[in-house]
Amino acid sequence: TANLAHTYTAAAGYVKKFPAVLSGTRVEDVLAELGWPASLADIDAGQVVLAAFVPAADGTPALEHLLDIAESEGGVIFVSGTGKVVFQDRDARLGTANGITCTGSMIDLNAAQATFSDDGSDQKYISADPEDDDEFIYNEAKISGDAITDQIYRDLTAQASQGPSVLVRSGSLLSVDADALDQAWTMVERYKDSVLRVPSLLLLPDADPTNLFPKVLLYDLSTRINLELNASPNPAMLDQDYHIEGIEDKYEAGELWQT
């Protein structure tokens, strides 16, 4: 029941094929095929048209296809804290039109909802671990798929100083070459330069429960926050915004809650 079937038996409310459609429509079609309630979904329309899709002869896992849709769009898909399947297209984090419900109201994904500082002001955190390595340095990107010709974008200046560092995305569901080239350009422009990033932030909300627990419990993926690491003991002088990409909580009886 978690597979998209190669052949179909007609049933009320189920789609019987996957034609070329906007990415958001494809997500809705997949969820309909699974019988997922529309009331438990928050789906953006999408900015790109995906090629028609025929599941494999032995079926295609629905989750696998949903993740392929998100990658082809350049967006994200996840299950929210309220149990909804959320699909955010590539423009979702640019403003209020595609915001998410957070702390009981719709928020702007392009505006930091809180600043976390190490100097005692704003919201407090325990530790942040800056990293500056080549994991996220790409000066060339190649996007390929059955319905498009291979699209390659490279920054020759960056490659001359860094050597080639290539991001390859094969099996794209995109149906338009221009969308694939745009995605390749976006990835290179975003990741060609070395940037000191903080991949994780540790919070102990019991240290300031009134302010921190609402954030720990109600902020969801894609919520934008600001991080400052610039007090005298930590002269990194970081002042960066981040979209939350993952949340992990740990609690044991008699211990402090960790996020």
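Here, the structure is the one placed above.
The notes below deal with the structure included here.

A separate point is the overall build of the protein. What the protein contains, in helices and strands, is 5 helices and 18 strands. Counting all 259 residues of the protein, 41% fall into the buried class. The long-range fraction of contacts in the protein, counting pairs at least 24 apart against all pairs at least 6 apart in sequence, stands at 66%. Accessible area for the protein stands at about 14,000 Å²; split by element, carbon and sulfur atoms hold 52% of it.

Pairing in this open sheet of 3 strands is mixed, and the strands run β3-β7-β6 from one edge to the other. In the strand order of this sheet, the two ends are held by β3 (41-43) and β6 (76-79), each with one partner. Neighbour to neighbour, the strand axes of the sheet diverge by 10 degrees on average, direction disregarded. Strand direction decides the pairing type here: β3 and strand β7 (residues 85-88), joined by 3 bridges, are parallel. Note on β7: the bridge partner recorded for Ala41 is Val85. Each of β3, β6 and β7 is contacted by helix α1 (residues 23-34), which is oriented at about 160 degrees to β3, the strand it contacts most.

Here the focus is a nonpolar patch on the surface. Side chains of Leu34, Trp36 and Leu40 sit close together on the surface and give an oily, nonpolar patch of about 230 Å² of accessible area. Within the secondary structure layout, Leu40 lies in the loop between α1 and β3.

What follows covers unusual backbone geometry. Look at Asp122: it is not a glycine, yet its phi comes out positive at around 55 degrees. Positioned with a positive phi, Ser222 is a non-glycine residue whose angle comes to about 80 degrees. Considering the arrangement of structural elements, one finds Ser222 in the loop between α5 (209-218) and β17 (224-229). Ser222 gets classed as buried once you look at its relative accessible area, which sits at 0%.

Helix α2 (residues 62-73) packs onto α1 with a crossing angle of 170 degrees between their chain directions and a minimal axis gap of 10 Å. Classed by the angle they form, the pair α1 and α2 counts as roughly antiparallel. Facing Ser23, Arg26, Val27, Val30, Leu31 and Leu34 of α1, the residues of α2 in contact are Ala62, His65, Leu66, Ile69 and Glu73. Class assignment for the residues of the contact of α1 with α2 results in 7 nonpolar, 2 polar and 2 charged.

This paragraph deals with the nonpolar core. Here is a general trend for soluble globular proteins: nonpolar side chains tend to be buried in one another's company. Core analysis: the largest hydrophobic core is formed by 29 residues, its most contacted members being Val27 and Ile69. Where this core is concerned, the elements lending two or more residues are α1, β3, α2, β7, β13 (140-145) and α4 (177-191). Residue contributions to this core peak at 5 residues, all from α4. Ignoring any residue separated from it by four or fewer positions in sequence, one finds Ile69 in contact with Ser23, Arg26, Val27, Val30, Leu50, Phe87 and Leu173. Judged by nonpolar contacts, the second largest core, of 18 residues, contains Ala114, Phe116, Tyr242 and Ile244.

Together, Asp129, Glu131, Asp132, Asp133, Asp134 and Glu135 give the surface a local cluster of negative charge. Checked against the element boundaries, Asp132 lands in the loop between β12 (127-128) and β13. According to the relative accessible area criterion, Asp132 is partly exposed, its value standing at 48%.

Definitions and cut-offs
Residues numbered from 1 in each chain as written. Predicted model: local features only at pLDDT ≥ 70, side-chain atom pairs only at ≥ 80, totals over all residues. Heavy atoms only, no water. Helix = DSSP H or I, 4+ residues; strand = E, 2+ residues; numbered from the N terminus. Buried < 20%, exposed > 50% of the residue type's maximum accessible area, 1.4 Å probe, protein only. Contact = heavy atoms within 4.5 Å. Areas by Shrake-Rupley, 256 points an atom, 1.4 Å probe, with all protein chains shown as cover. Pairing = 2+ DSSP bridges. Axes fitted to C-alpha atoms, helices over the stretch in contact; angles between N-to-C directions. Patch = residues over 30% accessible without salt bridge, like charges linked within 9 Å, V, L, I, M, F, W, Y side chains within 5 Å. Salt bridge = Lys/Arg side-chain N within 4 Å of Asp/Glu carboxyl O. Parallel < 35°, antiparallel > 145°, perpendicular 65-115°, else oblique. Nonpolar A, V, L, I, M, F, W, Y, C, P; charged D, E, K, R; others polar. Core = buried A, V, L, I, M, F, W, Y, C linked by side-chain atoms within 4.5 Å. Lys, Arg positive; Asp, Glu negative; His and termini not counted. Charge placed at Lys NZ, Arg CZ, Asp CG, Glu CD.

Treat this as a map of the structure, not an account of what it does.
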